[in-house]
Amino acid sequence: MSGTPQFVDAHLHLWDPACLDYPWLDAIPDLKRKFLPEDLPLARGQRVGAVFVQADCAPQQGIAEVDWVLAHTWPELSAVVAFAPLQLGDALRPHLEDLARRPSVKGVRHLLQDSDTLFIAAESTIAGARAVAEAGLVFDACIRWHQLGSLTRFARRLPELPIVLDHMGKPPLAEGPFAEWRDGMRRLAALENVSVKLSGAAPEAAPGRPLAEQALPYLHETLSLFGASRCMLGSDWPVSAQTDGQYMGWVDLVLGQALAGASAEEMTGVAARTAARFYGFEPDLPHGRTD
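Described below are features of the structure shown in this document. (Residues numbered from 1 in each chain as written. Predicted model: local features only at pLDDT ≥ 70, side-chain atom pairs only at ≥ 80, totals over all residues. Heavy atoms only, no water.)

## Some details on the environment of P159
Of note, P159 is situated in the loop between α5 (148-157) and β6 (163-165). Since its relative accessible area comes to 57%, P159 is described here as exposed. Sequence spacing of P159 and P94 is 65 residues, and the spatial spacing of their C-alpha atoms is 23 Å. (Helix = DSSP H or I, 4+ residues; strand = E, 2+ residues; numbered from the N terminus. Buried < 20%, exposed > 50% of the residue type's maximum accessible area, 1.4 Å probe, protein only.)

The following block contains the structure:
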């Protein structure tokens, strides 16, 4: 691990079920407890920035979630991705104005992974996303791989909106089919307003098989399609990496194996610069380098 460069974790979560409501945690007892900044794996001083992504609390608590996160002492915090109910369309603007009073908020997310094609294509959803762009915010798109076509059509209608695909579109690591996921990713990568997070692979993998052998083909293909300048590292902590070994294991898998042979510029891009440029902050890297 000593050779792993410094990095920005572009996708992690915090929560405390005693403070806010997270109905989805009822189905995952191991995660139904508080996760705070002090619980983050230490990363041996290599993590130089962090992007908090909304953790799907009750929708009416979206602003409260931001305030709860910002109330913690967390020097690494670089940006916040808050919840935004896109279906409100133009009526979303007061919500976005409220978020604007919190300068740490750089983007928003409305989970699309359980939404149908009609919702993603609805005029109200598009209007809400357009309001996000006009507010100067970016959008995290969390979908499942079979929704890549819907997201591509969504992104084509909103060229002014910077979009980042969470978790490589949750590809089918355990069962395939690789080719269908790859074709969807290729069409999405053709859109210049779309970036991607190299994150969230562990929950999609088959248990009992090494994660590396399952994830590396998807990591290599994503890097090939999007290029290092549109790829960013994320841990998806604590969902995908609760322990220090899992956390740094994923960081090393991405930066040490998937990027083996990459140039210093490519390594720096995936490790930190892509996330910093997308979310609009400056990572604390010595002399602008991580190697």
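Don't stop here, the text continues.
## Side note on helix α4 (residues 123-134)
Over its twelve residues, α4 runs 16 Å from end to end, which matches the ideal 16 Å to within 8%, given 1.5 Å per residue. Within α4, burial applies to T125, I126, A127, G128, A129, A131, V132 and A133. In this structure, the buried side of α4 is in contact with α2 (93-100), β4 (105-109), α3 (117-121), β5 (138-141) and α5. Trailing α4 by a residue or two, G136 shows a phi angle of about 80 degrees, which is positive. (Expected span 1.5 Å × (residues − 1). Contact = heavy atoms within 4.5 Å.)

## Considering unusual backbone geometry
Residue P238 is bonded to the preceding W237 through a cis peptide linkage, with omega at 0 degrees. With respect to the helices and strands, the residue P238 is situated in the loop between β8 (231-233) and α8 (244-258). For H167, which is not glycine, the phi dihedral falls at a positive 60 degrees. Considering the arrangement of structural elements, one finds H167 in the loop between β6 and α6 (178-189). You can call H167 buried: its relative accessible area is 3%.

## Regarding the packing of α6 against helix α7 (residues 211-226)
Contact pair α6 / α7: the axes reach a minimum separation of 10 Å and the direction vectors enclose 25 degrees. If you check the angle between α6 and α7, you find them roughly parallel. Handedness of the crossing formed by α6 with α7: right-handed. Here α6 contributes F178, W181, R182, M185, R186, L188 and A189 to the contact with α7, which in turn contributes P217, Y218, E221, T222, L225 and F226. The class makeup of the residues in the contact of α6 with α7 is nine nonpolar, one polar and three charged. (Axes fitted to C-alpha atoms, helices over the stretch in contact; angles between N-to-C directions. Parallel < 35°, antiparallel > 145°, perpendicular 65-115°, else oblique. Left-handed = near helix turned anticlockwise from the far one by under 90°. Nonpolar A, V, L, I, M, F, W, Y, C, P; charged D, E, K, R; others polar.)

## A look at the nonpolar core
The nonpolar side chains of a soluble globular protein tend to be buried with one another. Ranked by size, the top nonpolar core spans 86 residues in total, and within it F154, L219 and L255 carry the most contacts. Residue contributions to this core peak at eight residues, all from α8. In this structure, L219 is in contact with M168, L198, W250, L253, V254 and A258, ignoring residues within four places of it in sequence. Within the second largest apolar cluster, 16 residues are counted, among which are V138, A275, A276 and F278. (Core = buried A, V, L, I, M, F, W, Y, C linked by side-chain atoms within 4.5 Å.)

## Let's talk about the sheet that holds strand β7 (residues 194-198)
Either a parallel or an antiparallel arrangement is found when strands of a sheet pair, and the pairing is made through backbone hydrogen bonds. An order of β1-β2-β3-β4-β5-β6-β7-β8 is seen for the eight strands of this open sheet, with the pairing classed as parallel. The sheet is open, and its two borders are formed by β1 (7-12) and β8, each paired with just one other strand. Across the sheet, the mean angle separating the axes of adjacent strands is 25 degrees when strand polarity is ignored. Of the strand pairs in this sheet, β7 and β8 are connected by three bridges, and their pairing is parallel. In the strand pairing of β8, L198 is matched with L233. In this fold α5 packs onto β5, β6 and β7, with an angle of close to 170 degrees to the strand it touches most, β6. Packing of helix α9 (residues 264-279) onto the sheet brings it into contact with β1, β2 (47-53), β3 (77-83), β4, β5, β6, β7 and β8, and relative to β8 it is tilted by some 110 degrees. (Pairing = 2+ DSSP bridges.)

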